[in-house]
Each structure stands twice: as structure tokens, then as C-alpha cells.
Amino acid sequence: MDNLIASSGLKLGIFRCLKAGTNVGFPEQGTPQGGVVSPLLANIALNGIEDIHYSIRYADDMVIILKPKDNADKILEKIQQFLAARGMEISEHKTKLTAATDGFDFLGWKFQVQKNGKFKSYPSEDNFKAFRKKVKDIINCSNYGAVEKAKKLAPIVRGWRNYHRFCKMDGARNNLYFIQNRAFKVFNKEKKQNRYTSKKLLDQAFPKISHSENKFVNVKNEKSPFDGDLTYWSQRNSKLYDGLTSKALKRQDHSCAACGLKFGSEERVHLHHVDENHDNWKRDNLVAIHQSCHQYIHMSKSKN
């Protein structure tokens with residue numbers, strides 16, 4: 001518990017849960033995979049495993065980085081001993097030794113070192129297939145029209161492109177050329193649509209997200225959202241926004257124009273029009289504020 005970076009209240013809750021035991025009526029099934037508490041329990045159980053050898057870990061998914069002089073068997077043995085002390089073991093069918101030039105899948109990405117020594121990453125085959133299935137199911141569904149399809153597709157495509165925005169996203173597969181072409185044909189078949197309205201719906205369904213390969217900035221060592229460093233996390237979370245919102249955040253030193261507090265990760269940033277004219281997009285008329293502050297401003301004005 002001393003190594004856990006969390007607020008005092010959260011630490012107390014976790015301590016009481018662990019002290020009470022893990023038998024909650026389903027001892028054989030354990031915690032459901034994908035549940036909200038599963039990553040937390042994995043981080044608690046595996047805390048310290050990164051000290052065995054240089055590695056990258058996300059919850060219970062882990063990549064060990066080996067050099068030619070490293071002994072893979074000895075490192076694996078140390079990891080097995082670490083897990084055995086906690087009542088766990090390595091999944092043999094998920095564990096494999098591979099060369100960096102052959103590449104490996106991790107968290108939905110394919111990582112690979114090219115022959116020229118340069119590193120590249122792009123969406124893995126399994127990740128792309130799962131995404132493509134979701135999109136095709138909506139495009140080919142006959143329960144709703146093109147307008148509704150565009151609304152349903154937009155958040156899925158935007159989320160997928162945002163997740164992979166720091167990958168290599170060129171090429172016909174990753175830029176979704178063939179899927180967009182299929183969607184346009186389906187939209188254009190409707191009697192209410194023509195080539196111009198179909199193109200407009202296509203742009204709404206497949207929003208463009210700028211990407212920059214290998215430009216992701218890692219979180220500083222030992223940093224946590226619970227460490228109280230609001231300045232660092234506010235500046236980092238501000239990079240999730242682009243365009244006018246990003247410019248407003250920089251002008252305001254990553255502080256809310258309404259309450260003056262730093263922006264955290266728990267609340268979204270809204271762009272507010274000072275003169276309430278949503279057609280006025282001049283720089284001096286736009287400020288970045290918390291979502292709750294934005295709601296309070298408009299709620300107060302509506303009462304008046």
C-alpha cells in the first residue's frame with residue numbers, strides 16, 4: 001500500500017477491500033475480464049514487476065524489451081517466481097519471443113523495427129478487423145437511413161482515428177478509402193440523397209483527425225493524476241484538443257476563464273462565445289472553460 005499512488009480516501013477503500021478478503025461469492029470465476037476493477041487489481045498485484053527487467057506494461061499486458069546479451073530464460077524465470085508468490089502464472093499461449101524486425105501486437109497496435117533501423121507502428125490486423133466490422137454493420141443496416149447512419153458512424157470513426165493518431169495511418173487500409181467508397185455508394189442509393197448531399201454526409205460520418213507518426217509524448221516517470229500536480233496534467237490534457245480550443249488554452253495558461261482553476265482530466269473543456277453570438281468566431285470572443293462552468297453561465301443567463 002505504501003507504493004500505491006492514490007488519494008488517502010481511495011487508499012483506505014482499497015485497503016479495506018483487501019483486508020476483507022477476495023471471496024465475494026464467486027471465488028472460482030474471479031474478476032470479470034474487462035470489468036472496471038480488473039485493471040486496478042492487476043496494477044496492485046503486478047506493482048514492482050517492472051523492476052525485474054526493462055519493460056512496458058499496461059494492466060496485465062506486458063512487453064519485455066531484450067537486448068542480444070540478455071538471457072530470456074532467466075528473465076522469464078524471475079517473472080514466474082514473482083507471479084508465483086502472488087498466486088499467479090504466465091499465460092503460455094499468449095507469451096512468445098519475437099524479433100523486433102518481425103513486429104508484435106500490443107494494445108491494438110502493431111510495433112515493428114524496419115530494415116533501415118527506423119521504428120514504426122500502425123493499427124494491428126485484429127484491431128482493424130473489429131473496427132471494420134462495426135462500421136460495415138452500420139453501413140449495411142437497413143433499419144435506418146443515410147442521415148442516421150452518418151450520426152452513428154461519426155463517434156466510432158472519430159474514436160478509432162483518435163486512438164491511432166500517433167501511428168502510421170497512410171495507405172488505403174488505414175485511411176479508410178474503400179470503406180468510405182462503400183458508404184458513399186450506399187448513401188447515394190437513397191432517393192432523398194444525391195451525390196452532393198451524400199458527400200456531405202460522408203464527411204460527417206468520417207471526420208478527419210490529424211495524425212503525426214511517433215510524436216506521442218510519454219508521461220514523465222512517477223507521474224500520476226493523483227499526485228496533485230495540476231499544472232503538469234492540465235498542460236498535458238490540453239494537448240488532446242486542437243484548433244481554436246487548443247489556442248484558447250495556450251492563451252489562458254491552461255486555466256479556466258470562468259473560475260480560474262486548472263483543467264483536470266475529469267471534466268471536458270468547452271469553447272465559450274463571450275458575446276453569445278455563435279457566428280462570431282473571432283479570437284477575442286472565444287475562451288476555454290470547464291463544462292460545468294459553461295452550463296452554469298448559460299443557466300444563470302436563462303434565469304435572468
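We now turn to the structure provided with this report. The model shown is predicted, which means the values in this text are computed figures rather than measured ones.

### Let's talk about helix α6 (residues 177–189)
Turning to step 1, where the next piece is worked out: When the terminal C-alpha atoms of α6 are compared, their 19 Å separation across 13 residues agrees well with the 18 Å that a helix rising 1.5 Å per residue should span.
Turning to step 2, where the next piece is worked out: Taken residue by residue, α6 has Ile 179, Gln 180, Ala 183, Val 186 and Phe 187 as its buried positions. End-on, the buried residues of α6 take up no more than an arc of 125°, which puts them together on one face. Looking at α6, the residues exposed on the side facing more than 90 degrees away from the buried face are Tyr 177, Phe 178 and Lys 189.
Turning to step 3, where the next piece is worked out: Residues of α6 that are buried sit in contact with α4 (125–139), α5 (146–163) and α7 (195–205).

### Digging into the packing of α4 against α6
A packed helix pair is summarised by two numbers, namely the angle formed by the two axes and the spacing between the axes.
Turning to step 1, where the next piece is worked out: Packing of α4 against α6 brings their axes to within 11 Å, and their N-to-C directions diverge by 5°. On the basis of their axis angle, the class for α4 and α6 is roughly parallel. When α4 is examined against α6, the residues Phe 128, Arg 132, Val 135 and Ile 139 are found in contact with a partner set consisting of Ile 179, Arg 182, Ala 183 and Val 186.

### A closer look at the pairing of strand β2 (residues 61–64)
Turning to step 1, where the next piece is worked out: Note: strand β1 (residues 55–58) against β2, 4 bridges, orientation antiparallel. Bridging from a neighbouring strand, Ser 55 pairs with Ile 64 of β2.
Turning to step 2, where the next piece is worked out: What sits between β1 and β2 in their antiparallel hairpin is a turn of 2 residues, with Ala 59 showing a positive phi close to 55°.

Calculation rules
Residues numbered from 1 in each chain as written. Predicted model: local features only at pLDDT ≥ 70, side-chain atom pairs only at ≥ 80, totals over all residues. Heavy atoms only, no water. Helix = DSSP H or I, 4+ residues; strand = E, 2+ residues; numbered from the N terminus. Expected span 1.5 Å × (residues − 1). Buried < 20%, exposed > 50% of the residue type's maximum accessible area, 1.4 Å probe, protein only. Arc of directions from axis to C-beta. Contact = heavy atoms within 4.5 Å. Axes fitted to C-alpha atoms, helices over the stretch in contact; angles between N-to-C directions. Parallel < 35°, antiparallel > 145°, perpendicular 65-115°, else oblique. Pairing = 2+ DSSP bridges.

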